[in-house]
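Residue-level listing of the chains:
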Amino acid sequence: MNVFPDGFLWGTATSAHQVEGGNVHNDWWSFGRTTAGKACDFENRFEQDLDRARALGTNAFRLSLEWSRIEPRPGERDEAALAYYERLLGACRERGLEPVVTLVQFTLPRWCAQRGGWLASGTLDAFERHVRLVAERLGELARIFVTVNEPNVLAGAGYVSGVFPPGRRFRPDLAEDCEDALAEAHRRAHRVLHEWLGDVLVGASPHLVAWRKTLLDPLGLVRREGEAFNWRFLDAVEDELDFVGVNYFMGLRADPLSALGFAGLVRRPVHAGTSDMGWPIDARGFEEVLLEAHARYGKRILVTENGIADATDAKRPAYLAEHVAALERALRAGARVRGYFHWSLVDNFEWHEGYVPRFGLYAVDYATQERTLRASGELYRRLIGERSPAPVSA
Ligand code: BGC
């Protein structure tokens, strides 16, 4: 029996800074070793890329709006940027791709970062003004919003490992402040979007890890930290969540070394059971995380990211099939999963790791911007085709 509910969203996920190119006004442009540069030149190629998304048989597409493009200087609104996003969202709609629109995917306008970013007073007000503008100018084209992508990663990478801007290290206190500010940003965005747009769906997408008990954590301290990493943000905004966004990539042993590896503070070993980035493959953990999200909140769930860095595409097909099977088991067990977005449509700029990790269903040759469908892309099309939705009461 097909357990996928009617209207299930099958999609791919992207984010502005990772694909668009030329986002010179944000805090990532001048941060770290590699500049995103032209990235995938998505800004100029989105129509063909959306055709590619459509060719996979998907009916939804996740993208993010680059705040620094829309507001390059405080209070200044870039009409060309708004027109670009209007075209992009319109192009999704023309192709029958339901856009899922992320408001914050790691980047901040540089002027905002220079004032202290998410820790500065004034940022939340500026963000709220930005969300109002988005609602007013682009809101008619979108019904599903992710306010903040991976607030837990953004806070930890910005203030503990320092691999994301502002590059502070070993300040868990500030990471917590940052996550609290992001929770408040979520609440405000949730309110503004509903005020302007009525009955839209507004959620947030933390990065969730399946933490595995080990003897190396006898008091369960690492596991407790891991659980807080997963759920602290969602617990804080539970009353203002229309759906739970789940970004799931890996399972990890809850021991000090793998926790440090996850935080980017020590090297992660790469072997047969991991991605090219040393992230352990764990499809059963995906099922468990979905069921836990269901047990905790009982809300609709959208899997807003799931994928693997795998340059040769040797592991991605099995990863994809096993994770879709895990999702299916979670649906059977009652989790209200209403969408799955594979990360990512095309290879793209992987933050501090630059262009080495390859997450795309389409490979990108960055010298020519040529895209080539990987075998896993073919498989995704087949998996979607075999699960043509049957009506089910919500
Ligand atoms: C983020 C993406 C990132 C991907 C792979 C998440 O950490 O939301 O921006 O590219 O997963 O690391």
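Keep in mind that this is a model prediction, so the values were computed, not measured.

Cut-off values and rules
- Residues numbered from 1 in each chain as written.
- Predicted model: local features only at pLDDT ≥ 70, side-chain atom pairs only at ≥ 80, totals over all residues.
- Heavy atoms only, no water.
- Near = heavy atom within 4 Å.
- Polar contact = N/O pair within 3.5 Å; in protein donor to acceptor, adjacent residues only side chain to side chain.
- Areas by Shrake-Rupley, 256 points an atom, 1.4 Å probe, with all protein chains shown as cover.
- Nonpolar A, V, L, I, M, F, W, Y, C, P; charged D, E, K, R; others polar.
- Core = buried A, V, L, I, M, F, W, Y, C linked by side-chain atoms within 4.5 Å.
- Buried < 20%, exposed > 50% of the residue type's maximum accessible area, 1.4 Å probe, protein only.
- Helix = DSSP H or I, 4+ residues; strand = E, 2+ residues; numbered from the N terminus.
- Disulfide = S-S within 2.5 Å.
- Phe/Tyr/Trp six-rings, centres within 6.5 Å; stacked < 30°, edge-to-face > 60°.
- Axes fitted to C-alpha atoms, helices over the stretch in contact; angles between N-to-C directions.
- Left-handed = near helix turned anticlockwise from the far one by under 90°.
- Contact = heavy atoms within 4.5 Å.
- Parallel < 35°, antiparallel > 145°, perpendicular 65-115°, else oblique.

Colleague: Can you walk me through the site of the ligand in this structure?
Modeller: In the vicinity of the ligand, 13 residues are found, and the nearest of them are Gln18, Asn149, Glu150, Glu305 and Glu350. Here an oxygen atom of the ligand sits 2.8 Å away from a polar atom, N or O, in the side chain of glutamate 150. A distance of 2.9 Å separates an oxygen atom of the ligand from a polar atom in the side chain of glutamate 305. Contact with the protein chains covers 97% of the free accessible surface of the ligand, which is 300 Å². Along the lines of polarity and charge, the residues of the shell around the ligand split into six nonpolar, four polar and three charged.

Colleague: Looking at this structure, how should I read the nonpolar core?
Modeller: In a soluble, globular protein the nonpolar side chains are often hidden away together inside. If you look at the biggest cluster of nonpolar residues, it comprises 130 residues, and the most contacted ones within it are Trp118 and Leu327. Element by element, the count of residues in this core is highest for helix 8 (residues 172-197), at ten residues.

Colleague: Is there a simple way to explain the state of the cysteines in this structure?
Modeller: Any covalent bond linking the sulfur atoms of two cysteines counts as a disulfide. Going through the model one piece at a time under the given rule, you end up with zero disulfides. Unpaired in this structure, cysteine 40 has its nearest cysteine sulfur neighbour in cysteine 92, at a distance of 16 Å. Accessibility expressed as a relative area gives 0% for cysteine 40, which makes it buried. Summary of cysteine pairing: cysteine 178 is not part of a disulfide, and the nearest cysteine sulfur, belonging to cysteine 112, is at 11 Å. In this structure cysteine 178 comes out as buried when scored by relative accessible area, which is 1%.

Colleague: So what exactly am I meant to see when it comes to the packing of aromatic side chains here?
Modeller: What describes a pair of aromatic rings is the distance from one ring centre to the other and the angle between the planes of the rings. Under the defined criterion, the tally for this structure stands at 31 aromatic pairs. The interplanar angle of 20° and the centroid separation of 6.2 Å between the aromatic rings of phenylalanine 42 and phenylalanine 61 together place this pair among those described as stacked. A residue pair is termed long-range when its members are at least 10 positions apart, and phenylalanine 42 in helix 2 (residues 42-55) and phenylalanine 61 in strand 2 (residues 60-64) qualify at 19 residues. Residue phenylalanine 42 shares its accessibility class with phenylalanine 61, and that shared class is buried. Ring pairing ties together the aromatic residues Trp28, Phe31, Phe106, Phe164, Phe349, Trp351, Tyr355 and Tyr366, which thus form one cluster.

Colleague: Sorry, what's going on with the packing of helix 7 (residues 151-159) against helix 8 here?
Modeller: Helix-helix packing is described using two parameters, namely the angle between the two axes and the distance between the axes. Helix 8 packs onto helix 7 with a crossing angle of 145° between their chain directions and a minimal axis gap of 8 Å. With respect to the hand of their crossing, helix 7 and helix 8 are arranged in right-handed fashion. Contacts from Pro151, Asn152, Leu154, Ala155, Gly156 and Tyr159 of helix 7 reach helix 8 at Pro172, Leu174, Ala175, Cys178, Glu179 and Leu182. Its residues assigned to classes, the contact of helix 7 with helix 8 shows nine nonpolar, two polar and one charged.

Colleague: Before we go on, may I ask you to explain the packing of helix 9 (residues 221-237) against helix 11 (residues 283-297) in this structure?
Modeller: It is the contact of helix 9 with helix 11, at a shortest axis distance of 12 Å, that shows an interaxial angle of 40°. When the axes of helix 9 and helix 11 are compared, the pair comes out oblique. As helix 9 packs across helix 11, the resulting crossing turns out to be right-handed. Listed contacts from helix 11 to Glu227, Trp231, Leu234 and Asp235 of helix 9 are Val289, Glu292, Ala293, Arg296 and Tyr297.

Colleague: It is not clear to me how the environment of proline 280 should be interpreted in this structure. Could you clarify?
Modeller: Along the chain, the position of proline 280 falls in the loop between helix 10 (256-262) and helix 11. Of the residues examined, proline 280 reaches a relative accessible area of 23% and is grouped as partly exposed. Considered as a pair, proline 280 and glycine 251 are 29 residues apart in the sequence and their alpha carbons are 5.9 Å apart. The residues touching proline 280, leaving out its near neighbours within four places in the chain, are Phe249, Met250, Gly251, Leu252, Gly273 and Thr274.

Colleague: What is the right way to look at the environment of leucine 88 in this model?
Modeller: Here leucine 88 is to be found in helix 4 (residues 79-94). Note on leucine 88: relative accessible area 1%, which makes it buried. C-alpha of leucine 88 to C-alpha of glutamate 43: the two residues are 45 residues apart in sequence and 8.7 Å apart in space. When near neighbours in sequence (up to four residues on either side) are disregarded, leucine 88 contacts Phe42, Phe46, Leu50 and Leu63.

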